[in-house]
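Working through the structure, step by step
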Amino acid sequence: MTTETPQAKDKVTLQGEGFIDWSALTSINFAGTQMLIILGVAALVIAGIELAVHLFRIPSYVFPAPSEIASALVVSFPNLVPHILVTLQELATGYLIGALIGIILAAVITQFPFIEKIITPYILLLVTTPMVALVPLLILKFGFGQTPRIIAIALASGPMVMINSSTGFRRTDAAKIALARSYGATTLQIFQKVRFPLALPMIIVGLMVGGIFGLTTCVGAEMVGGGMGLGTRLTYYSSLARMAPFFAVIIIVAIIGISLYVLFYFIGKKWASWEA
Amino acid sequence: MSDQPVIVVEKASKTFKSARGPVRALESFDMFVNQGQFVSIVGPSGCGKSTLLWAMASLWPLSGGTIQIMGQEVRSPRREVGMVFQSANLLPWRNLLDNIHFPFEIMHENPKRYEDRIKELLQLTSLTGFEGHMPQELSGGMQQRASIVRALSYDPQVLLMDEPFGALDAFTRDEMNLMLLNIWEKSQKTIVFVTHQIPEAVYLSDRVYVMTPRPGRNSRVFDIPLPRPRPLVLTTERAFFDIVAEIKQTIYDDVQAAADAGKYQMDTYAH
C-alpha cells in the first residue's frame, strides 16, 4: 500500500545515502612510514622525469626538466604574484556570486517540484556546457576587463553548486520534520534546524566541485582575453616557447585547486562528518 | 484528581487520499484517558493506531470527530504534549545533549531552567556521561532512551509514544519497559502508548484499547488489574498470560470478522 501512514513516513531515514566519501584524505596518514613512502615515490617520479629528460636530450621547449621548472618557479614568482592576486580575486568574486545564487535557488526551487522539473534541463545545460566557450561572446558584450571572466566563473560554479545543493535539499526526512513540528516549529525554523543541516553535506560537496569548476573556467577565460591573470601568463609563455615558466604557472594553478579541495575537506570534516 | 479525563477522543475519523482513492484509516474512534493513566492502543498492523496518535500531537488534522487534551480541543501542537517517535528520530548532526536541547530551541526557551530535570532524566535512563556523544555512536536502545529524555525534558503533562521500542530486540525492549514504568511512576505523566506487541501493552498499561483492522474502530477495552509496581517476572505469570491471550483472541476475532466481510486480505495488508 502506498498510502500516507506514519509508519511509512517514519522509514525515510538517511541510511544508504553515505555516498559522500570524506575519506580521500583521511586514508593518508600524515605521519610515520606511510608519509615517508608517499614522499619517496614522489621523489622517485620527479627524479625519473629529470633523468629521462637529460638522458634522451629532450629540448626544454618540448618538456622542461623538473629542476628547470623549480628554478623558473623561484625566479618568476615575484613577477607572477600580481597575476596570482588577479586570478584569486576574479575567482573569489565569481565564485561567491555563483555559489550564493546556486544555494538560494536550490533551497527555493526544491520546494516546488513542478518548477524544479521545468528548470532542471537548463541547469544541466549550464553544467555540461563549458562556460569558457562563452568568454569571446562575453568579451564582445562587456569588453576586455574582469567582468566577462567573473560572469563565466559564476556561470560555471553556480549551477554546479546548485545541482548538488538541490540533491541535499530534496532529502526531506518526514520524521524529523514532524519532530520539529511537534514542538510547534515554524517553516523558517524547520528550514534552519532540519532541512538546512540535512542538506549541508551535499552543499559542501557542491561548493568544492563548484570551486574547482570555477578555477578551471577562470584560467581558461584569462587565456582568451589577455591582460592580467595566471591564464594570460600561460598564453604568454607558451607563445614564447618558454616552457619552464609555463609549467611553473601550471603548478601554481594546481596548488590553488588542491588548496580548494583541502579547504572543503576540512570544512566537510567539521560540519558533515555525521554522515560519513 | 485521578479520575478526571485528560484526553477525550470522540468519533475520531481520518481518511487519507491515495493514488487508488481515499483510504479510511480511522473511523469513529472513542477514547478516554484519565490523569496519570498509562493507556495503550493495540491492533493489527496498519489499523490506524499511529494515525490517531499523530492527530493527538496535531501533526495532521482529523477528517472528523474531536480530540480534547486537558480540556482544550487539539488544533495546533501543544507544549503540554510530548511525542516519542517510532525510530529514535535523533538529529544525527547534533550530539546527545544538543538533541535534548532541540525542543527548547524551537520553543525559544532556555534549557538552563530545566538543567536539573535533564540531569535527573539522564540518570534515570543511564545516559549520564554520554552527553557529548553523537547519535551514531550510541546503541539503538540508548538512542531511544535519549529520545524519551528529549520528550520529557520540558516537562509535558501528556506523553504520546508511537511504537517507541518496535525496532529493539526483546531483551532491550524489556529493559526499556522497566525503565519507562520507573520514570512514569516518578513523574505521574499521562501516557498514551501505541504498540503491536500485546505483552508489552499489558505489562505497561492500566488500560488497553483494542483497535479493529483498517479502518480503525473501537473493538474492546481491557482494564489491566495487575498490581503495581510490576517487576519483569510478572510477565512469566499465569494472570499475565491470561490477559495477553484474551486480547490476542479479540484481535484474531476482529481480523477474522473483517476477512469474512471481505475487507481484510492478509497478503495485501502490509503497508
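Residues numbered from 1 in each chain as written. Chains lettered and ligands numbered in written order. Predicted model: local features only at pLDDT ≥ 70, side-chain atom pairs only at ≥ 80, totals over all residues.

1. Considerations on the overall build of chain A
Rules: Labels follow the DSSP assignment, with helices taken as runs of H or I lasting at least four residues and strands as runs of E lasting at least two, numbered in each case from the N terminus. With C-beta atoms placed from the backbone, a residue is labelled by how many other C-beta atoms lie within 10 Å of its own: buried for 20 or more, exposed for 12 or fewer, partly exposed between the two. Contact definition: two residues whose C-beta atoms, as placed from backbone geometry, lie within 7 Å.
In terms of helices and strands, chain A carries eleven helices and zero strands. For chain A, the α and β elements follow one another from N to C terminus as α-α-α-α-α-α-α-α-α-α-α. Across the 276 residues that make up chain A, the buried fraction comes to 36%. Once local pairs closer than 6 in sequence are excluded, the contacts in chain A between residues at least 24 apart make up 78%.

2. Points about the nonpolar core
Defined as follows: Nonpolar core, as used here: buried Ala, Val, Leu, Ile, Met, Phe, Trp, Tyr and Cys residues forming one set through C-beta atoms within 7 Å.
By size, the foremost hydrophobic cluster in this structure holds 131 residues, and its most contacted members are Ala152 of chain A together with Met56, Val149, Leu160, Val192, Val208 and Ile247 of chain B. Considering every element that reaches this core, the biggest residue donor is helix α9 (residues 187–225) of chain A, with 14 residues. Other than its neighbours up to four places away in sequence, Leu160 of chain B contacts Leu53, Met56, Ala57, Val81, Gly82, Met83 and Val192 of chain B.

3. Focus: the environment of Val62 of chain A
One can find Val62 of chain A in the loop between α3 (33–55) and α4 (66–109). Here the alpha-carbon distance between Val62 of chain A and Leu124 of chain A, two residues 62 residues apart in the chain, equals 38 Å.

4. Let's talk about unusual backbone geometry
All names here are of chain B. A cis geometry characterises the amide bond from Arg214 onward to Pro215, with omega recorded as 0°. For the peptide bond that leads from Arg228 to Pro229, omega is -5°, which places it in the cis range. Topologically, Pro229 is positioned in the loop between β10 (218–223) and α7 (238–260). The backbone phi angle of Ser58 is positive, close to 60°, even though this residue is not glycine. Take Ser58: it is sitting in the loop between α1 (49–56) and β4 (64–69). With phi around 55°, Ser126 is a residue other than glycine that occupies positive phi space. With 13 C-beta atoms counted inside 10 Å, the residue Ser126 sits in the partly exposed group.

5. Description of the domain arrangement of chain A
Residues and elements named next belong to chain A. Formally: An automatic or database domain assignment supplies the residue ranges for each domain. When residue character is reported, Ala, Val, Leu, Ile, Met, Phe, Trp, Tyr, Cys and Pro are called nonpolar, Asp, Glu, Lys and Arg charged, and the others, Gly included, polar.
With domains assigned, chain A is organised as domain 1 (25–58) and domain 2 (61–275). Per-element tally for the side of domain 1 that touches domain 2: the top contributor is α3, with five residues. Each residue belonging to the side of domain 1 that touches domain 2 can be placed in one class, and the counts come to five nonpolar, one polar and one charged.

6. Digging into α3 of chain A
All names here are of chain A. Cut-off, in case you're wondering: For a helix, the expected span equals 1.5 Å multiplied by the number of residues minus one.
Between its terminal C-alpha atoms α3 stretches 32 Å, which fits the 33 Å expected from 23 residues at 1.5 Å a residue. Judged by how many residues are buried, α3 sits mostly at the surface: zero of 23 residues are covered. Directly beyond the C-terminal end of α3, a positive phi value near 50° is found at Arg57.

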